[in-house]
Amino acid sequence: MKSWAQRERALETLAKEVGYVKKPHGGRLRVALAFPNTYWVGMSNLGFQTVYRLFNDEDDIVCERFFLPPKTELAELSAAKAPLLTLESQTPVGDFDVVAFSVSFEWDYVNVLTLLRLAGIPARAEQRTAHDPLIVVGGAVTFVNPEPLAPFADVIAAGEGEVLIPGLRRAFAAATDRTDLLRRFALERGFYVPSFYEPHYVVGDIGTGAAAGTISGYTVKTGVEAPLPVRKAALKTADAADPPATGIFTPDTEFGSRFLIEVVRGCANLCRFCWAGYNYLPVRAFPADRILELAAAARLHSSRVGLVSIALCDHPEIERILARLLEMGYAISPASLRLDDLTESIVRVLHESGERTITIAPETGSDRLRRVINKTVTNDEILDRADLIFANGIENLKLYYMIGLPTETDEDLVAIRDLTLQIRDRMLKHGRPKGQIGRIVGSVNPLIPKPGTAYQWLPMEEPSIVERKIKRLRSLMADIDNVYFNIKSERHSYYQALLSLGDRRVAPAIEAAERNGQNWRAAVAEAGIDGDFYIFRDRSGDAMLPWDIIDGGMKATFFHSEFEKGLREEWTLPPKRAQENAKLLPVIS
Ligand code: SF4
């Protein structure tokens, strides 16, 4: 694909958009912002849209976007060796001062390398010179465990864009050259310069309990001033912050021209497996008046609003917000709802605004196992909510379950079936008289113990056991009318877990996967990596975990105590959660 064709394609894309920013480059810091997946996926991502807005809100910065081209174009671009261009001004990506990646999913790591290759930028930081753009990697995934991407990034931005972008500006404004720039980044909160740190590994079992090959620690290289660990940067409060919201409307996204807005950040439920819950603490509500102001302005372009929050109803003014949005004529879609959020008034609002399906996450079928994982609802409450949902006219329910949880037995699998059947009974009871029977769709995922959670030391369950459980669950759920189960296979989770739990030594596998068209089995073999070491090893004896290089604000002692409480089947109950969070989680100090 030649440059003129890329230009034409960019102009066609821009012609369908409302709200993109085009600024002259002269005298400004030029940032090329990438979402390492297609335009369709990237433009559906509120985090990506927000970083674009935050950059362009600064008068002395110009930010333009680029994405992974669709498959056919990608092959043509590779063959033509034409430089990859940004959308707004169709400038070669390699000409920018900064190339920033917003990475949300482990699967996109490979695409980071593809985009660098297409842009003609060396993949590894050590191969780049002062003539190359500075490669900054940020986004949700990287502040949980950035290490597999460390060799590719000049700088890793750990935390929230609202706080990180001013730091980036300061570093650029004061720097005299590239070396000085990196030093300045290292002194800004939330910025991690991987090349300044040396990981050390345990050689043989030295009697400490730490296994050979595990990380014994990091050191800062001689002559460099850099913090160890690097503290995540996050907003202390959202009281005066602009809520992240769709800034560019285009029909070419997963959500069409839906207006997305973040209402409240974080969730205080402290489910022991949930990285999002722990990593976005403390809970911060965006100002209701500003949410409504932005929604009113966006009404010109959109008639459906998507409320993006993991705990929507933790916003103290949620009822007023929903009522006003309805008055504005919006149809309302919540991204997810916690079970305890589902009050009658909320379900009614959703029904009135045209929702036919609600998604809830019982996670498991038994109260016992829910106490283990600190999902603080019971089956009785779930069934009450199911009644409420179907009684108020919602037809379909999506259910999220997990398997491979600590202490799980066959009884817990049977409990998933039993709970689903009881929910189905509720659906039939309310649907039959109206002649309108919906469906229940269950989605089941094996647990991947995540960095920055109470399960971060846990090995993933052995594949043979998970496969057996999947088979058992499939047979339990077979042939039930109006119930459909989608059970994710073990192999898919394996490589995702490797990228999630790995350290810098996993980077060659990402490079190999980029070269071989993402044949991960071959890539891991070529890189000489023992995937099982990262995935099936109990990490509780490790001196340091790869992601400990970033201090996310949570204490290891707290995670340990949560894990132990789980084994005792004890909840950390939500009622006191706001106060407890403030005490326990010195996230932002
Ligand atoms: S309720 Fe949902 S978002 Fe909140 S901690 Fe639990 S799993 Fe995470």
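For the structure itself, look to the data block above.
The numbering scheme is per chain: residues are counted from 1 as the chain's sequence reads. The predicted nature of this model means local features are confined to residues of pLDDT at least 70 and side-chain atom pairs, given and counted, to a pLDDT of 80 or more, with totals for whole chains, interfaces and linings taken over all residues. Values shown for side chains rest on all heavy atoms present in the structure; no hydrogens or waters enter the calculation.

Peer 1: Would you mind going over the pattern of salt bridges with me for this structure?
Peer 2: Once the charged atoms of two side chains with opposite charge are near each other, the side chains can pair. Just to be clear on terms, a salt bridge is a Lys or Arg side-chain nitrogen sitting within 4 Å of an Asp or Glu carboxyl oxygen. Per the counting criterion, the structure on display carries 46 salt bridges. The partner of Glu106 in a salt bridge is Lys450, and the shortest N-O contact between them spans 2.9 Å. Placement of the pair is Glu106 in the loop between strand 3 (98-102) and helix 5 (109-118) and Lys450 in the loop between strand 17 (440-446) and helix 15 (463-477), with a sequence separation of 344 residues. Of the two residues, Glu106 and Lys450, both sit in the buried class. A salt bridge links Glu262 to Arg265, with the shortest nitrogen-to-oxygen separation between them at 3.0 Å. Type-normalised accessible area, obtained with a 1.4 Å probe on protein chains alone, sets the label of each residue: buried when under 20%, exposed when over 50%, and partly exposed for intermediate values. For Arg265, a relative accessible area of 7% gives the class buried. One connected set of salt bridges, linked through shared partners, spans Glu160, Glu162, Glu262, Arg265 and Arg284. Helix and strand labels come from DSSP, where a helix needs a run of H or I of at least four residues and a strand needs a run of E of at least two; each type is numbered from the N terminus.

Peer 1: Mind showing me how you'd approach the layout of surface pockets here?
Peer 2: The gaps left among the atoms become clear once a water-sized probe is rolled over them. As a volume, the second largest pocket reaches approximately 450 Å³. With a 1 Å grid spanning the protein atoms alone, the term cavity applies to any set of points in which a 1.4 Å probe fits but cannot get out, the term pocket to an open set with protein on both sides within 12 Å along at least five of seven lines, and the term lining residue to any residue with an atom within 4 Å of a point. Residue lining of the second largest pocket: 22 residues in total, with Arg9, Thr13, Tyr39, Pro70 and Glu73 positioned closest to the centre. When residues of the lining of the second largest pocket are traced back to their parent elements, those giving at least two are helix 1 (3-15), helix 2 (39-42), strand 2 (61-67) and helix 4 (71-80). No other element matches helix 1, which puts five residues into the lining of the second largest pocket. The classification used treats Ala, Val, Leu, Ile, Met, Phe, Trp, Tyr, Cys and Pro as nonpolar, Asp, Glu, Lys and Arg as charged, and all other residues, Gly among them, as polar. Residues that form the lining of the second largest pocket fall into these classes: 12 nonpolar, four polar and six charged. Grid points are joined across faces, edges and corners, and a volume is the space filled by probe spheres set on the points.

Peer 1: I tried to follow the site of the ligand on my own but got confused; where do I start?
Peer 2: If a single non-hydrogen atom of a residue is within 4 Å of a molecule or strand, that residue counts as near it. Residues in close proximity to the ligand include Cys267, Asn269, Leu270, Cys271, Phe273, Cys274, Gly277, Ile310, Arg338 and Lys375, which together make up its full environment. Considered class by class, the residues forming the shell around the ligand number six nonpolar, two polar and two charged.

Peer 1: Got a minute to help me understand the packing of aromatic side chains in this structure?
Peer 2: For any pair of aromatic rings, geometry is given as the distance between the ring centres together with the angle between the planes. Two rings from Phe, Tyr or Trp (for Trp, the six-membered ring) form a pair when their centres are within 6.5 Å of each other. A pair whose planes differ by under 30 degrees is stacked, one over 60 is edge-to-face, and the rest are tilted. Counted under the stated rule, the structure contains 20 aromatic pairs. Ring plane angle 25° and centroid distance 5.9 Å describe the contact between Tyr401 and Phe485, whose orientation is recorded as stacked. Taken together, the residues Tyr401 in strand 16 (residues 396-403) and Phe485 in strand 18 (residues 483-487) connect sequence positions 84 residues apart. Geometrically, the ring pair formed by Tyr455 and Phe563 is edge-to-face, given 6.0 Å between the ring centres and 90° between the ring planes. Of this pair, Tyr455 sits in the loop between strand 17 and helix 15 while Phe563 sits in helix 20 (residues 556-567), and the two are 108 residues apart along the sequence. Residue classification places Phe563 among the buried residues on the basis of a relative accessible area of 19%. Following the ring pairs from residue to residue traces out a cluster consisting of Trp107, Tyr494, Tyr495, Trp520 and Phe536. Above the ring of Tyr330, the side-chain terminus of Arg299 is found at 5.4 Å from the ring centroid. One cation-aromatic arrangement involves Arg537 over Phe533; the distance from NZ or CZ to the ring centre is 4.3 Å. Each ring is checked for a lysine NZ or an arginine CZ that lies within 6 Å of its centre and within 35 degrees of its normal; such an atom marks a charge sitting over the ring.

Peer 1: What's the story with helix 9 (residues 288-298) in this structure? I'm lost.
Peer 2: Of the positions making up helix 9, those classed as buried are Ala288, Ile291, Leu292, Ala295 and Ala298. The arc that holds the buried residues of helix 9, viewed along the axis, is 125°, so those residues lie on one side. Note on contacts: a residue pair qualifies if any of its non-hydrogen atoms lie within 4.5 Å across the two residues. Where the residues of helix 9 are buried, they touch strand 10 (259-262) and helix 10 (318-327). Summarising the geometry, the arc corresponds to the directions from the helix axis toward the C-beta atoms.

Peer 1: I would appreciate a short explanation of helix 10 in the present structure.
Peer 2: Residues separated by three or four positions in an α-helix point in the same direction, a consequence of the helix having 3.6 residues per turn. Listed as buried for helix 10 are Ile318, Ile321, Leu322 and Leu325. The arc enclosing the buried residues of helix 10, seen along the axis, measures out at 95°, which places them on a common side. In this structure, the buried residues of helix 10 make contact with helix 9, strand 13 (304-308), strand 14 (331-334) and helix 11 (344-352). Of the residues trailing helix 10, Gly329 is marked for its positive phi of about 90°.

Peer 1: So what exactly am I meant to see when it comes to empty space enclosed by the protein here?
Peer 2: Scanning the entire structure with this criterion turns up three cavities of 30 Å³ or more. Here the largest cavity is characterised by a volume of approximately 70 Å³. The wall of the largest cavity is formed by Met43, Ser44, Gln49, Thr246, Ile248, Phe249, Thr250, Thr253, Phe255, Gly256, Arg258 and Leu260. Per-class residue counts for the lining of the largest cavity are five nonpolar, six polar and one charged. Roughly 60 Å³ of volume is contained in the second largest cavity. What lines the second largest cavity is simply Phe390, Gly393, Ile394, Glu395, Met427, His430, Gly431, Lys434, Gln436, Ile437 and Gly438. Of the residues that constitute the lining of the second largest cavity, the class distribution is four nonpolar, five polar and two charged.

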